[in-house]
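Inside the fold
Read off the chains here:
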Amino acid sequence: MTVKEIIAIASKEIGVKESPPDSNKVKYNTWYYGREVSGSAYPWCMVFVQWVFAQAGVAVPVKTASCGTLLNSAKSKGQAVYKNYQPGDVVIYDFDENGSTDHCGIVESVNGSKITAIEGNTGSGNDADGGQVQRRTRNVSSIVGAWRPPYKEVENVTVDEAKTILKNKAGLSDITIDWLSYYKYSDDLFVKLAKAMR
């Protein structure tokens with residue numbers, strides 16, 4: 001899983017709303033609890049994060065609907081960060097700076113003292129319980145910490161390197177690689193296959 005893949009999954013959800021408004025009745029909660037739920041006991045910003053990572057086949061440090069519990073678990077596993085936030089980090093906010101965690105989001109970009117994140121259960125009228133998936137820009141000063149998932153970085157691979165990887169990992173012979181090059185596979189496909197096998 002790469003940062004780009006996680007952000008792509010989250011971005012496709014922008015605009016999803018709970019229905020009816022102010023109910024917390026939304027597909028992410030249904031997935032998480034295994035049944036439809038509604039009411040104030042079911043805020044879903046962290047549930048949205050859990051859902052996004054599940055779609056990528058990645059487990060979060062702990063199954064929880066609590067932002068604070070995720071951050072504590074990430075800390076215990078050595079995956080918590082408290083500065084220099086990056087795209088793909090799951091940031092935890094304390095908007096009123098009272099020491100409790102209020103909300104979370106998946107960082108899409110960082111620009112100096114601001115981050116842009118994709119967040120569940122937010123809205124212009126309520127930052128931490130607004131009922132919709134949105135792209136929000138926030139002050140870094142509102143962040144109390146983040147879980148940094150162990151992303152796999154996609155390295156640049158030349159076509160020749162890709163063919164060598166395919167030979168070594170898939171056991172393909174030079175003749176097979178040459179045949180595939182000539183009749184079947186484009187250079188881009190060789191590179192994509194090699195990256196998937198690394």
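Data block above holds the structure.
What counts and what doesn't
Residues numbered from 1 in each chain as written. Predicted model: local features only at pLDDT ≥ 70, side-chain atom pairs only at ≥ 80, totals over all residues. Heavy atoms only, no water. Salt bridge = Lys/Arg side-chain N within 4 Å of Asp/Glu carboxyl O. Helix = DSSP H or I, 4+ residues; strand = E, 2+ residues; numbered from the N terminus. Buried < 20%, exposed > 50% of the residue type's maximum accessible area, 1.4 Å probe, protein only. Phe/Tyr/Trp six-rings, centres within 6.5 Å; stacked < 30°, edge-to-face > 60°. Lys NZ or Arg CZ within 6 Å of the ring centre and 35° of its normal.

Regarding the pattern of salt bridges
- One pass over the full model with this rule turns up 7 salt bridges.
- Glu108 is the partner of Arg135 in a salt bridge, and the nearest nitrogen-oxygen pair spans 2.5 Å. Residue Arg135 is found in strand β5 (residues 132–139), and its partner Glu108 is found in strand β3 (residues 103–111); the two are separated by 27 residues along the sequence.
- With a shortest N-O distance of 2.5 Å, Arg138 and Glu119 are connected by a salt bridge. One end of the pair, Arg138, is in strand β5; the other, Glu119, is in strand β4 (residues 114–122), and 19 residues separate them in sequence. For the pair Arg138 and Glu119, one class covers both residues: buried.
- Salt bridges linked by common partners bring Glu119, Asp127, Arg136 and Arg138 together as one network.

Let's talk about the packing of aromatic side chains
- Enumeration over the complete set of coordinates arrives at 8 aromatic pairs.
- Look at Phe53 and Trp147: their rings are 4.9 Å apart centre to centre, the planes differ by 50°, and that puts the pair in the tilted class. Separated by 94 residues along the polypeptide, Phe53 in helix α3 (residues 45–55) and Trp147 in strand β6 (residues 143–147) bring together distant segments of the chain. Grouping residues by exposure puts Phe53 and Trp147 together as buried.
- Three or more aromatic residues link up through ring pairs in this structure, and these residues are Tyr28, Trp44, Phe48 and Trp51.
- Looking at Lys63, its charged tip hangs above the ring of Tyr32, at a distance of 4.8 Å from the centre.
- Of note, Arg138 hangs over the ring of Tyr93, and the distance from its end group to the ring centre comes to 5.4 Å.

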